[in-house]
Amino acid sequence: MSQVLPGDAPLVHDLIGIGFGPSNVAMAIALSEHNARVGRQEAVTAHFFEQQPRFGWHRGMLLDDATMQVSFLKDLVTLRNPASEYSFLCYLQSKGRLIDFINHKNLFPLRIEFHDYFEWAAAKVDDMVSYGHEIIAVEPVVRDGVIEYLDVTAQSADGLVVHRARNLVISTGLRPAMPEGVERTERVWHNSDLLRNVESLEGTEPTRFVVVGAGQSAAENVAYLHRRFPRAEVCAVFSRYGYSPADDSSFANRIFDPAAVSDFYDAPESVKRSLMDYHGNTNYSVVDMDLIDELYRQSYQEKVMGAERLRFLNVSRLTGVKETDDGVRATVKSLITGEETPLDADVVVCATGYRPADPLGLLGELGGRCHRDDQGRLSVERDYRLATDDELRCGIYLQGGTEHTHGITSPLLSNTAIRVGEILDSILDRGLRAVGEARPVADGVAR
Ligand code: FDA
């Protein structure tokens, strides 16, 4: 791909995508399918930037037995275009596993398999992405008093490059959240680093792990560490009384439907809050029932055998972590008695969730052009476009970070295929370029 250095006149793309996780891979596919359908004049030129050196989706949590929590039919394309050649079924066909998958009678593939599907799909559109490029700034380009373009600066091993766009699609995903005051160290991990960090324990004989949290990732970490280190004790610390099951029943599942996005968007603020309260247990701080059963079965069996390696410190909170000469000391406080228990461990894993990346961090002075609601949150249109001052002519679209406006599917995969179709329609409806403006050439570079 052609590119320019800071100071040169940048080349113009109809769309620049920041991040190349599943959301923007789906966006690239939607664009590619659109461009294959329309004439050259109507083709949308786009480029995506991903900071990782190659495609990767939550690699630290690709546990060998973990499964998806969304039907394979909610892949990158099917809900938008069931005939797409980028579907999970086409992936299976290309791998020679279609019939085996069908015989499996299961809607929920292994996480590791879905990662492979994402990677396969991303490779099919890799002419549209630059890996190893972190976007570090977005700046306005003012012409005749209006912001006509956005200059996007990417940092790579080769230095800085600037690209110019009419539209941005920011899909920068989630950031690991640690408990307040706790830093990540060699012995204090966030679960997102689990598989990367666990290698460092190879050849050692860990005796105790402390896992903080009561959600799906926490339970998966407990089960994984218990299995992988057969001599170690695994202490699960959480403020609930017990793990709560994820509600994946059919009626509740409709909260993830495409139509639920519009319902949520149109609902008054108080109804939005109620919907989140009613249905938060489809996704937040809950665990798949099979895994709960498995952990309980394991813990009961250990009780019977008189050798307990699984310990559950419920109604409890982590109040401190301190590195020692040969490990880490976690202090756990009972929320019932207030009593504090020190636990000397090899590692403390914080499975304490994620928060959406803040798009304002990238937008710099453009942030001042973005409208807010009365609670100071970003105002987002139904088409996922940030509401901005009229002088800002470019579209800034968000995939993720729209839970307050679009509901629970915001950080999830359920609605990705539909969402990228809606964003593409929005960009096309608003017109790609001004009358008389030169059309970029086919490789995505304007002359
Ligand atoms: P995602 O986080 O995947 O990708 C964002 C990308 O942007 C990353 O590759 C990042 O490197 C890149 N990036 C960030 N800042 C950048 C910058 N400045 N410049 C360039 N690149 C940048 N959901 C679901 O519906 N079903 C499920 O089964 C699961 N399972 C699941 C398991 C685990 C372990 C986690 C942590 C999460 C899930 N999820 C999920 C939710 C999850 O958010 C979702 O699956 C996708 O990751 C969302 O895709 P995105 O592309 O939006 O974000």
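In this text the structure is predicted, and so the values were computed from the model without any measurement.

## Observations concerning the overall build of the chain
Secondary structure summary: the chain contains 13 helices and 17 strands in total. Its C-alpha atoms give the chain a radius of gyration of 24 Å, near enough to 22 Å, the size a compact globule of 447 residues would have. Dimensions of the chain, computed from C-alpha atoms along their principal axes, come out at roughly 80 × 50 × 50 Å. Put simply, 71% of the contacts in the chain that link residues at least 6 apart link residues at least 24 apart. For the chain, the accessible surface area stands at approximately 21400 Å², while carbon and sulfur atoms represent 49% of it. Measuring between centres, the 46 positive side-chain charges of the chain sit 1 Å from its 65 negative side-chain charges.

## A word on the site of the ligand
Close to the ligand lie 29 residues, the nearest being S23, E50, Q69, P411 and L413. Between the ligand and the protein, one listed contact pairs an oxygen atom with a side-chain N or O atom of Q51 at 3.1 Å. At 3.0 Å, a side-chain N or O of Q52 approaches an oxygen atom of the ligand. If the ligand stood free it would expose 990 Å²; the protein chains cover 91% of that surface. Looking at the shell around the ligand, its residues break down into 13 nonpolar, twelve polar and four charged.

## Observations regarding the domain arrangement of the chain
Each domain of the chain was delimited in the assignment, giving domain 1 (2-173 + 357-430) and domain 2 (177-246 + 284-354). On a C-alpha basis, the centroid separation for the pair domain 1 and domain 2 is 34 Å. Taken over both partners, the interface formed by domain 1 and domain 2 buries close to 1000 Å², and the fraction arising from carbon and sulfur atoms is 49%. Contact with domain 2 buries surface across domain 1, with G60, M61 and L63 losing the most and accounting together for 49% of the total. Across the contact surface, domain 1 and domain 2 share three salt bridges.

## Details of the nonpolar core
Core analysis: the biggest nonpolar cluster contains 75 residues, and M27, L31, F48, L76, Y117, L225 and Y243 have the highest contact counts within it. For this core, the element with the highest residue contribution is helix α1 (residues 22-37), accounting for seven residues. Counting contributing residues, this core receives three or more from each of domain 1 (2-173 + 357-430) and domain 2 (177-246 + 284-354). Those residues in contact with L31 that lie beyond four places of it in its chain are L15, V44, A46, F48, M128 and L424. Core analysis: the second largest hydrophobic core is formed by 25 residues, V152, I170, L362 and L386 among them.

## As for a nonpolar patch on the surface
On the surface, a cluster of nonpolar side chains totalling about 310 Å² of accessible area is made up of L73, L89, L107 and F108. Within the fold, L73 resides in the loop between β2 (46-49) and α2 (88-95). We classify L73 as partly exposed; its relative accessible area is 37%.

The rules we used
- Residues numbered from 1 in each chain as written.
- Predicted model: local features only at pLDDT ≥ 70, side-chain atom pairs only at ≥ 80, totals over all residues.
- Heavy atoms only, no water.
- Helix = DSSP H or I, 4+ residues; strand = E, 2+ residues; numbered from the N terminus.
- Rg over C-alpha atoms; globule rule 2.2 N^0.38 Å.
- Contact = heavy atoms within 4.5 Å.
- Areas by Shrake-Rupley, 256 points an atom, 1.4 Å probe, with all protein chains shown as cover.
- Lys, Arg positive; Asp, Glu negative; His and termini not counted.
- Charge placed at Lys NZ, Arg CZ, Asp CG, Glu CD.
- Near = heavy atom within 4 Å.
- Polar contact = N/O pair within 3.5 Å; in protein donor to acceptor, adjacent residues only side chain to side chain.
- Nonpolar A, V, L, I, M, F, W, Y, C, P; charged D, E, K, R; others polar.
- Domains from an automatic or database assignment.
- Buried area = accessible area lost by both parts, 1.4 Å probe.
- Salt bridge = Lys/Arg side-chain N within 4 Å of Asp/Glu carboxyl O.
- Core = buried A, V, L, I, M, F, W, Y, C linked by side-chain atoms within 4.5 Å.
- Buried < 20%, exposed > 50% of the residue type's maximum accessible area, 1.4 Å probe, protein only.
- Patch = residues over 30% accessible without salt bridge, like charges linked within 9 Å, V, L, I, M, F, W, Y side chains within 5 Å.

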